[in-house]
Amino acid sequence: MADSASLQFVSPYAFEAMQKVDVARLAALSDPELRLLLPCLVRMALCAPADQSNAWAQDKKLILRLLSGVEAVNSIVALLSVDFHALEQDARKEQQLRHKAGGSNGESILVSQLQHGLTLEFEHSDPLRRLRLALSELLAIMNKVADSNGEFFLKSSELFESPVYLEEVADVLCILQAELPSLLPIIEVAEALLHVRNGEWFLCLLVANVPDSFNEVCRGLIKNGERQDEESVGGRRRTEALRQLCQMNPSQALNIRAMVVEECHLPGLGVALTLDYKPDTADEAVSPLVSYVSGLLLGTNGKVRTWFSMFIRNGQQRKRESSSVLWQMRRQLLLELVAILPRSRSTHVPNDSDMDSESSSGYSGLREEHVVKASALLRLYCALMGIAGLRPTDEEAEQLLQLMTSRPPATPAGVRFVSLSFCKLLAFPTLVSTPEQEQLMVMWLSWMIKEEEYFESAAGVSASFGEMLLLVAMYFHSNQLSAIIELVCSTLGMKIAIKPSSLSKMKTIFTQEIFTEQVVTAHAVRVAVTNNLSANITGFLPIHCIYQLLRSRAFTKHKVSIKDWIFRQLCETTTPLHTQLLPLIDVYINSILTPASKTNPEATNQPITEQEILNVFQSLSGGDGGKVRSQYTITTQLLILYYILSYEEALLANTKTLALMQKKPKSYSPALMDQIPIKHLIRQAQGLQQELGGLHSALLRLLATNYPHLCMVEDWISEEEVTGTLPLLRKMLLTSSSCKYSQTQLREAFQNVLSGGPRLLRILEHLTLLSAGDLIPYAEALTASMGLLLEDGVSRRILQTVNKLWMVLNTVMPRKLWVMTVNALQPTVKLLRQQRYTQNDLMVDPLIVLRSDPRVFRCPPLMDITLHMLNGYLLASKAYLNAHLKETAEFERQAQTVSNLGLSGQPDTPEVTREELKNALLAAQDSAAVQILLEVCLPSPQEELQLGGGGGADSLLRSVQSAPGIPMRKQVGDEVAGRGSQRECEAEGGLLSDLREVQCLICCLLHQMFIADPNIAKLVHFQGYPQPLLPLTVAGIPSMHICLDFIPELLAQPQLEKQIFAIQLLSHLCTQYALPKSLSVARLAISVMGTLLTVLTRTKRYAFFMPTLPCLVSFCKAFPPLFDDVMSLLVQVGQVSAADVTTKARDIDPLIARLQYLREKPQEIPLSESKLSLPKRSAEELGGADPDVQMCYQIEATFMDIISSSTQAL
């Protein structure tokens, strides 16, 4: 729009005066400036105001005085004297006429036939005709715009082009729009003015005379604008018009720019407004142009990014023009770039005629105040080249390279600048095109390597560019080009499409000239560890470099020891946990166990030594527990624990591979593992799960695999109790965090437990208020004195409190606590021999736990502890044997393979045999433990006497049957309620109560074992146990119903004792679980008894049926439908027995007849007779009767019991 360059536009000062109606400012305007604003001022002076205040009346007088000396006012007053209503009517008629005629410029209602040209007619016309001429021309342009479908055209109009009458035409235009707003909407008028010459001048005058319409006009022009304004003449004219409007009202320029971005139209306008923008206070850091373009390309709005990138790409395709907004932007950016270059490097200011000059090769540093601006410029050029596809000119590339290879001061911003420069070199290697430029880059990279340590220390940052250099070098050596691209994009903060092939030159420079692999490894070890490494430290750190070098096995290839560096870094960690630590430990363990190549099996890293590990846990494993403050953080201790557990697991997992290479790395000793408070550390990690990331879950996984005895469900439940709300409230009762009793006082109180029980109880109750960690120092004194609690007369409350304290300690130090407890509860003989068991002894033979003082078996609180330890050591033994099998199997198999070379026919079965032996050993262990515990449930002879008169089995059965089920609670005195409680309470020492409680505890444990592995239940019942225990096990172990699955198999065993045990067991199960499955198994048992009747000899028949016949009563009681089958069986057994008796010339026929009668008419037998007469006759006959006679009477007794139970049920 150079055609309007010579015209005078409305100044920002004048526009602001009009906008605010500041009469004083208006009076200060020059005559030419005032002339442009006359239409609005005249209307303002002549029209009736809405504001009737005195202030406006005074202002109006000033305006009239201001206008009185201007000659052009008279013509404008004449224009306002026209009948605008009639004019509007004629205009609308002309619009209708043109619409019917198809928009042709034929007959006009507003203007009759012109005698002369439009300009001469305008000059000679009166005000009304002038208005008609301008209105007709304007409506014609507006109609053409409406019919153009967005295609731009330039209307040649004599009226809008004559420089002589421009001001008069502008007056007419402003008056028309003001008086006929419905006919001439200002937005449509603005669109029409874009299609005539001098349109932007007319538009600015129109808006200046209606200042309130500024935003409306601008938004309308932007909405109707092109997506790419520099692609067309119309777009460029629209951009220039809006640019002139914003120059007239600069305060709204940034708002108009925001509209441009919002609509994604006219990108050139946004850049032009930014170039025109002059902030009140200049920002020394980043220029408005850099901020604006960076925001578009690096913002989160993908639509805006694509729109502006298209503007850059399309702008490059056109021939370079100085008027192009894109080239103006590029020139401004280049000027800003050159302005911050070190003066000794480039003193050249580019111009349009000379864009190719060489800069000096000096190396003065980048000034500190320019570093942030330089970083912003680098990121912007990266975005322009990588996202928008900008192709830099030679001058731009040269100056960019000069900036990137400059040397900033050692500040955090300087470190950031060097990192950005380095990544830009990797992202756009084409910037280095000549050998001189390549040499410049190599020198700069060498400077980076040399100054990296100084920058890190002087800048006070942990993440320096040295780590990035190492990381890129390692990626180049391992050909991980995609990782380099990801690193570059991450550092630059933008996604750039980088072809891996473009990095070939940089790869050659890095791997052959700067960073050979040996240099990389040697340099990496010397890099200092990051102090207090945590997730809060971002950027690329030494740990990233070491991780990549470990993955590529560079340390083992060049025999560089990395163990010390890794250990130091693990010791310099804190929360929140850095995400790279766990992968680092994993890859380090892999490099220890797996050689870098098969040809060199010794090429592995060294593991962390046991002494170094012990130093980390020294304060925790010592006797003072938590009293000594460790120099290592909890993060370090947990990471070392993760390392040890992962190392042991990886060692077992790689056994086969290591055996093939004849390599057996050393495992950490059990003594070391015993000194690490694993459970205490896991408990602390549980409270730091958010800060530790995935470390807590990883440790739990390793524990469940390698230390299942530390992951028992009951332990987790008890921990919840220890850490719950109630213990928290109780701990609030402590006035001081330290305990007022020492370990020595606790030992002395235990020594006087019988005479000084209250004092001991007071100390123990105070200890219950302490946390688990504070209790650790008292663990040894507590466990060592447990044997003293087995004496008679010790208070039950003391025992329960000791049990409670033991369970609390079990949450933090279970393994050490178990060993101390087992040794403390040894029998007196072993204590005198000072025989001490170790953790390894107890894992090899868990049954040692049950070889304690026999008095433990009748002390429920201590028995509870014993059973807890037994369960834990059984689990530990399984894990120990599995690990031992994996550890030795492959090496022994490999040795056997080597020794058997040349031999044929050797069976390849040692592995199967070892596995079977291991399983057999575990099964024997578990079953032996169950059998011992069942034996403990049997009452001693003294207890049988106290239970009520001699018959141990009968009395036990009565005691069990007196209660429907064994109580599963550990409360004192629960057994005292019910029938017979008076005699039980009077029993000496409360042995019955203790026995019942011990039985409850044992049944709970057996239930857990049977549920965990049903094969244990099967094995134990195939082995068998005393028949008097059957009522106890069936009623007290809820999982006994699983025995129904294997009783048919037990009945099929050839041993008569197992068949008898199966039927006795089944009789109790049927009573306890009257299920359809029990009914079917009972039918099978009756059938088996009938079959055995026909095949057993006389002696075996007596041995089988005498104990099993009473079981038929339980069958019938549980399942009445079995009555007929049972009666038939009893008659058959009676007939066989009677036949044997007859051979001895004894008259037994009356018995057989009686049995038949009982079978046919059981309801006719009086209940009193069945109860009274039979026992009397049996007492007379059974004293000296032979087995067959005893059988006969046993059969009759069974008959009577069945009938009795059935009649009672009715």
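A quick note: this is a predicted structure, and the numbers were derived from the prediction, not measured.

Attention shifts here to the overall build of the chain. Of the regular secondary structure elements, the chain holds 66 helices and zero strands. In the chain, which comprises 1210 residues, the proportion classed as buried is 52%. Long-range pairs, those at least 24 residues apart, make up 74% of the contacts in the chain between residues at least 6 apart in sequence. Surface exposure of the chain reaches about 54400 Å², of which carbon and sulfur atoms provide 52%.

Bringing the packing of aromatic side chains into the picture now. When we look at a pair of aromatic rings, we describe it by the centre distance and by the angle of the planes. A complete count under the given rule lists 12 aromatic pairs for this structure. On the basis of an interplanar angle of 65 degrees and a centroid distance of 6.3 Å, the ring pair of tryptophan 307 and phenylalanine 308 is categorised as edge-to-face. Overall, the relative accessible area of 0% leaves tryptophan 307 in the buried class. Since its relative accessible area comes to 0%, phenylalanine 308 is described here as buried.

The terminal C-alpha atoms of helix 32 (residues 581-593), which comprises 13 residues, lie 19 Å apart, in line with the 18 Å expected from a rise of 1.5 Å per residue. In terms of burial, helix 32 is a largely internal element, 10 of the 13 residues being buried. Along helix 32, the residues that are buried comprise Leu581, Leu582, Leu584, Ile585, Val587, Tyr588, Ile589, Ser591, Ile592 and Leu593.

Examined against the element boundaries, serine 406 turns out to sit in the loop between helix 22 (394-404) and helix 23 (412-427). Since its relative accessible area comes to 1%, serine 406 is described here as buried. Polar contacts involving the side chain of serine 406 include one to the main-chain carbonyl oxygen of leucine 403, which spans 2.5 Å.

Here we come to the pattern of salt bridges. Within the structure shown, the criterion is met by 28 salt bridges. The closest approach of N and O atoms between arginine 25 and glutamate 16, which form a salt bridge, is 3.2 Å. Judged by its relative accessible area of 25%, arginine 25 falls in the partly exposed class. A salt bridge links glutamate 649 to arginine 701; the nearest nitrogen and oxygen atoms lie 3.3 Å apart. With a gap of 52 residues between them, glutamate 649 in helix 35 (residues 634-653) and arginine 701 in helix 40 (residues 695-706) connect regions that are remote in the sequence. The exposure class of glutamate 649 is partly exposed, given its relative accessible area of 22%. When its relative accessible area of 42% is taken as the criterion, arginine 701 is described as partly exposed. One network of salt bridges, with partners in common, ties together Glu16, Lys20, Asp22 and Arg25.

This brings us to the side chain of threonine 491. Take threonine 491: it is sitting in helix 26 (residues 481-492). You can call threonine 491 buried: its relative accessible area is 7%. With residues up to four places along the chain from it excluded, the contact list for threonine 491 reads Arg416, Ser419, Leu420, Cys423, Met468 and Phe540.

Cut-offs and rules
- Residues numbered from 1 in each chain as written.
- Predicted model: local features only at pLDDT ≥ 70, side-chain atom pairs only at ≥ 80, totals over all residues.
- Heavy atoms only, no water.
- Helix = DSSP H or I, 4+ residues; strand = E, 2+ residues; numbered from the N terminus.
- Buried < 20%, exposed > 50% of the residue type's maximum accessible area, 1.4 Å probe, protein only.
- Contact = heavy atoms within 4.5 Å.
- Areas by Shrake-Rupley, 256 points an atom, 1.4 Å probe, with all protein chains shown as cover.
- Phe/Tyr/Trp six-rings, centres within 6.5 Å; stacked < 30°, edge-to-face > 60°.
- Expected span 1.5 Å × (residues − 1).
- Polar contact = N/O pair within 3.5 Å; in protein donor to acceptor, adjacent residues only side chain to side chain.
- Salt bridge = Lys/Arg side-chain N within 4 Å of Asp/Glu carboxyl O.

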